[in-house]
Every structure is written in structure tokens, then in C-alpha cells.
Amino acid sequence: MLLVATFVLHIFFVTLALGTSGLSLFGFWWKKGNWPTLARLAARVTPNAVGLGIVTGIAPLLFIQVIYDPAWYTANTLTGFWSVAFIFVVMGGYSLAYLFYLKGSPEGRLLWAAAFSLALLFFAGWIMHVLASVSIYPEKWLQWYAPGGAVDTRGMHFHAYNLPRLTLLLPIQALLSLATVLMLLAWYFRKREDFDRSFLDWVASLGRRIALWVVPLFWLAGMGWAATQGRYFDLHGPMEIWFTLLALGLFLFYRSLRNPALQAPQALGVWLVALLNVGIMRELVRAASLERFGYRVAEYPWQLDWGGVTIFVLTTLVGVTVLAFLVGVLYASGSKKEGVEVSPALERLGSVAVGMLGAWFGFFLLLGVYTVIFLR
């Protein structure tokens, strides 16, 4: 469950980066009405979303490396060239997005940087999609490793992919993450007097309209995924039912929004639940594939180590406390143009977070010293 839960945060920020990148390109190209203003805001969000996508991607990647290590490392070996290139592709996409935000977004210049950034970020998603696809076809590994009996160690081929699944996970989810954040933007800034209320109402309405138009495509891509990869693993029936109910629920929810600027927090919650469902579907496909070869997560050998569990729980508590403080500061800092005084409660939380972080560093330093001196 932790793998799926952490993946939800990761895919939300990744798809948000793609959505805001595309929106900034369109807004500066269209140059009509409120679009350039919204494009500037979107360009500012993109590099932040990429950074958060990278940070939140560490946890699910570690879970996959631990739980599905044979499949994951085989996929990385068979696609070795692109596994290494992925790092540089992401670096290029982030750098160009930041360049556009810093030097081009105020006046809509350097659109080429935004375009190349979007292309590189999408290509990075494609590489991850291929790696995930290769890992779920063990019956083809030998054929890919030695086609025709000759070993190919270059790792340059995109051995497996599924276009309906890729379409669902990247462009369609990017539009729905973007729609959710547009509603959140209107909800957050509507208390500020320096923001035009009509502009915020337009942004919120735009988010709702995007969601209503894209949800049918979400359903179609889900049906395509079920009819291809789902059928291959004999999961097409449950997937078709699951995606139909999920798309119907999303459509009815977005249609029921009478004031999306006020109902944005609910929209965020609903979309995160939808992402959780898609994440569960991904894991069901992976589990169905590997179970054919007797590999079951429930039967994975493990040994309980209370020391490791304690360190994990304490680290999580420290991380959540620090993160809660940072989110609180960020939320308060943008609530007024001139900024606001930090509330006493938030200030106390900050003191606690700093104290916990200091204790955490001290604990690990002492643990390291103890290990070096007494456990050599």
C-alpha cells in the first residue's frame, strides 16, 4: 500500500508538470484574453512541479527496487542505455523549464525552451513507461536479450510499450491534474484583493470544463488499456468495470460542481482518490504478470527488524512534521500580497520541527559513531 500511496503523490506532480508546461505554451501562443496571464502562472508552477515529482518519486522507486527487484533490474539491463539517459533527459527538461520561467515567461519569450522542455519531460515519462512494460513480460526477456541467438547488450531498444496505458497515465492524467490545480489556484487567491475576481472565476471555470471534456477520454484510454494489456493478463473484465465506474464517478462529480473556486479542495481529494485507483490497477497488472512465474509479493521472504522499523517510523514522524511546517509557511506566505505574520501555532510547530530535525541528525551521528567503533 505504501508503494501505491507514494506513487500517487509522484504521478500527481509529474502529470502536473506536463499539464502546466503545455498550458504555458498554449497561453503564450494564443495570446488572447486571460491566457497570457494564466500562462505566466503555469510557467512558474512547472519547474516546481518537476522538482516535487523527482523528490516524491524516490519512495515508490525504492519500494519497486525492494519488492520487485528481479523484474526491475532485468528491465533496466535490457534497456540500459535509456535507463542512464533518463537522468540527463530529466535534467534537460527541468533546466529548460526553469530557463523559460526565469527569462522568458514575463513576456512570453523563449517559447522554444518551453517546447523542448515539454518534449523532454514527456520523453522521460516514455522511458519510465517502457521500463515498467519490459518488467512485466518475463517470458520475452530471453528473446530481447539474445534476438536470434546473438546477445545484444546495447540496451537501446524500446522492447515493450502500451499506447492506451501511456495515453491514460501521461497526457490525459496531465490534463486532469492541471484542471484540479486551476480550481485550486482560484480557491487560494480569491481572498487576495490584488487578484481580479473575474479572472479567478474564469480560471476555475476553465478547470471544470477541461475536466468534463477529458474524463470521457480517460474512460476510452482505460478501455483501450483493458482491451490490450488487460486482456493479455486476463484482467480485462475487472479493468473495464473499474474504469467505467471511475470515469462515471469523476464525470458526475465535476458536473455537480456549481462553484469550482470554492469546491477546489474537494476536487483535489476526488482526483487523488482517482489516481489511487489507477495506481492500484497498475499493481494488479504487475502482480498478475509475475504470478504466472510464481512470484507473489505476499510470499516475499522477509525478516522483522524492530530497529529498522523504529528508525523508519521516527524518520517518517520527523519528515511529516517538517513538511507540515513548510506547507503551512508556503500557504501563509501567499495569502496576502505583502505577506503575513506567522501565527503563534505555526511558529510553535516550526520550533518543534527544527528540534526534531536536530535530534534526528544527532541520533544518526551517534549511530554512525557507535557502528564504526563497536561493530567493526
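This structure is a prediction, so every number in the text was calculated from the model and none was measured.

Q: Run through the overall build of the chain, naming residues and quoting values.
A: Secondary structure summary: the chain contains 12 helices and 0 strands in total. When the helices and strands of the chain are placed in sequence order, the string is α-α-α-α-α-α-α-α-α-α-α-α. Taken over the C-alpha trace, the chain has a radius of gyration of 23 Å; the compact-globule value for 376 residues is 21 Å, and the two agree within 12%. In the chain, buried positions account for 42% of the 376 residues. The long-range share in the chain, meaning contacts at least 24 apart out of those at least 6 apart in sequence, stands at 81%. Of the roughly 20,200 Å² of accessible surface on the chain, 71% is carried by carbon and sulfur atoms. Averaging the coordinates of the 26 positive side-chain charges in the chain and doing the same for the 17 negative ones gives two points 8 Å apart.

Q: Which residues make up the packing of aromatic side chains, and what values go with them?
A: Inspection of every chain in the model, using the stated rule, returns 33 aromatic pairs. Note on Trp82 and Phe158: the rings are 4.9 Å apart at their centroids and 25° apart in plane angle, and the pair reads as stacked. Of the two residues, Trp82 sits in helix 4 (residues 80-104) while Phe158 sits in the loop between helix 6 (141-145) and helix 7 (163-189), which places them 76 residues apart along the sequence. Residue Trp82 is classed as buried on the basis of its relative accessible area of 17%. Consider the rings of Trp126 and Phe158, whose centres lie 5.5 Å apart with planes at 75°: the pair is edge-to-face. You can see Trp126 sitting in helix 5 (residues 111-135) and its partner Phe158 sitting in the loop between helix 6 and helix 7, a full 32 residues away along the chain. Of the residues examined, Trp126 reaches a relative accessible area of 15% and is grouped as buried. Look at Phe158 and you get partly exposed, because its relative accessible area is 27%. Following the ring pairs from residue to residue traces out a cluster consisting of Phe26, Trp29, Trp30, Trp35, Phe199 and Trp202.

Q: Residue-level account of a nonpolar patch on the surface, with values.
A: Taken together, the side chains of Phe363, Phe364, Leu365, Leu367, Val369, Tyr370, Val372, Ile373, Phe374 and Leu375 define a hydrophobic patch exposed on the protein surface, amounting to about 980 Å² of accessible area. Following the sequence through the fold, Leu375 ends up in the segment after helix 12 (344-374).

Q: Explain helix 1 (residues 2-30) to me, and be specific about the residues and the numbers.
A: The end-to-end C-alpha distance of helix 1 is 42 Å, a good match for the 42 Å that 29 residues give at a rise of 1.5 Å each. Following helix 1 by one or two positions, Lys31 has its phi on the positive side, about 55°.

Q: So what about the packing of helix 1 against helix 7? Which residues, and what values?
A: Their axes nearest at 7 Å, the elements helix 1 and helix 7 cross at an angle of 80°. In terms of their interaxial angle, helix 1 and helix 7 are classed as roughly perpendicular. Between helix 1 and helix 7, the residues in contact are Ile11, Phe12, Thr15, Leu16, Leu18, Gly19, Thr20 and Leu23 and Leu169, Leu170, Gln173, Ala174, Ser177, Leu178, Val181 and Leu182, respectively. Its residues assigned to classes, the contact of helix 1 with helix 7 comprises 11 nonpolar, 5 polar and no charged.

Q: I'd like a rundown of the pattern of salt bridges, residues and numbers included.
A: Where charged atoms of side chains with opposite charge meet at close range, the side chains can pair. By the definition in use, this model includes 6 salt bridges. When salt bridges with common partners are traced through the structure, they connect Arg282, Glu283 and Arg286 into a single cluster.

Q: Kindly report on the nonpolar core, identifying the contributing residues and their values.
A: Grouped together as the largest cluster of nonpolar side chains are 90 residues, with contacts concentrated most on Leu176, Phe218, Phe243, Tyr254 and Trp271. Residue contributions to this core peak at 17 residues, all from helix 7. Each residue touching Leu176, except ones within four places of it in the same chain, is listed here: Ala211, Val214, Val215, Phe218, Tyr254 and Trp271. Counting 8 residues, the second largest nonpolar core, distinct from the first, contains Phe28, Leu96, Ala113 and Ala114.

Q: Please give an account of the side chain of Thr56 that cites residues and values.
A: Along the polypeptide, Thr56 turns up in helix 2 (residues 35-67). For Thr56, a relative accessible area of 17% puts it in the buried group. At 2.6 Å, the side chain of Thr56 and the backbone oxygen of Leu52 are in polar contact.

Q: I'd like to hear about the environment of Thr228, residue by residue, with values.
A: Take Thr228: it is sitting in helix 8 (residues 197-232). Residue class for Thr228 comes out partly exposed when judged on its relative accessible area of 36%. Between the alpha carbons of Thr228 and Thr321 there is a distance of 44 Å; along the sequence they are 93 residues apart. Looking at Thr228, its side chain comes within polar contact range of the side chain of Asn162, at 2.9 Å.

Q: For the side chain of Arg282, give the residues involved together with the corresponding values.
A: Assignment of secondary structure puts Arg282 in helix 10 (residues 264-291). The buried category is assigned to Arg282, whose relative accessible area is 12%. For Arg282, the residues in contact, after removing those within four places along its chain, are Phe7, Ala132, Arg165, Leu169 and Trp225.

Reading the values: rules and limits
Residues numbered from 1 in each chain as written. Predicted model: local features only at pLDDT ≥ 70, side-chain atom pairs only at ≥ 80, totals over all residues. Heavy atoms only, no water. Helix = DSSP H or I, 4+ residues; strand = E, 2+ residues; numbered from the N terminus. Rg over C-alpha atoms; globule rule 2.2 N^0.38 Å. Buried < 20%, exposed > 50% of the residue type's maximum accessible area, 1.4 Å probe, protein only. Contact = heavy atoms within 4.5 Å. Areas by Shrake-Rupley, 256 points an atom, 1.4 Å probe, with all protein chains shown as cover. Lys, Arg positive; Asp, Glu negative; His and termini not counted. Charge placed at Lys NZ, Arg CZ, Asp CG, Glu CD. Phe/Tyr/Trp six-rings, centres within 6.5 Å; stacked < 30°, edge-to-face > 60°. Patch = residues over 30% accessible without salt bridge, like charges linked within 9 Å, V, L, I, M, F, W, Y side chains within 5 Å. Salt bridge = Lys/Arg side-chain N within 4 Å of Asp/Glu carboxyl O. Expected span 1.5 Å × (residues − 1). Axes fitted to C-alpha atoms, helices over the stretch in contact; angles between N-to-C directions. Parallel < 35°, antiparallel > 145°, perpendicular 65-115°, else oblique. Nonpolar A, V, L, I, M, F, W, Y, C, P; charged D, E, K, R; others polar. Core = buried A, V, L, I, M, F, W, Y, C linked by side-chain atoms within 4.5 Å. Polar contact = N/O pair within 3.5 Å; in protein donor to acceptor, adjacent residues only side chain to side chain.

Just distances and angles here, no functional claims.
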